[in-house]
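Inside the fold
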Amino acid sequence: MDITNNSKSRLNLLDGQSLKSGETVSSPDFDQDNRVMKAWIDAGLISVAKGAEKEAKAVSQMTVKELETYIKANGGEFAESDNKPELLMIAQDIEEKLAANQE
């Protein structure tokens, strides 16, 4: 599985891998049922995808941390005080601009 660190801090996985903020690594034996890993997933600190089957998550389904990461990764800006609906609007604007650029 591909594990992405959405937090602002370095995180250590149970298999010993250390992820910098924004880094994605492959962890074939990742245990997403481990209570710590499950808490990180639920809090949006990490994202889990199945390697080549990885699909882009719709911005409407992203957590606040995932939205912040998405916005930063695509050159957008937001205020630390922005709530999820505000972040969602910013992310959707970015998505529309990216789609328009691909046409």
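Look above for the structure.
Thresholds applied
Residues numbered from 1 in each chain as written. Predicted model: local features only at pLDDT ≥ 70, side-chain atom pairs only at ≥ 80, totals over all residues. Heavy atoms only, no water. Helix = DSSP H or I, 4+ residues; strand = E, 2+ residues; numbered from the N terminus. Buried < 20%, exposed > 50% of the residue type's maximum accessible area, 1.4 Å probe, protein only. Polar contact = N/O pair within 3.5 Å; in protein donor to acceptor, adjacent residues only side chain to side chain. Contact = heavy atoms within 4.5 Å.

You can see Asn5 is positioned in strand β1 (residues 2–5). In this structure Asn5 comes out as buried when scored by relative accessible area, which is 0%. Among the polar contacts made by the side chain of Asn5, one reaches the main-chain carbonyl oxygen of Ser9 at a distance of 2.8 Å. Here Asn5 is in contact with Arg10, Leu11, Leu19, Lys20, Ser21, Gly22, Glu23, Leu45 and Ile46, once residues within four sequence places are set aside.

In this section: the environment of Ala73. Within the fold, Ala73 resides in helix α2 (residues 64–73). By relative accessible area, which is 65% here, Ala73 ends up exposed. Along the primary structure Ala73 and Gly22 are separated by 51 residues, whereas in three dimensions their C-alpha atoms are 8.8 Å apart.

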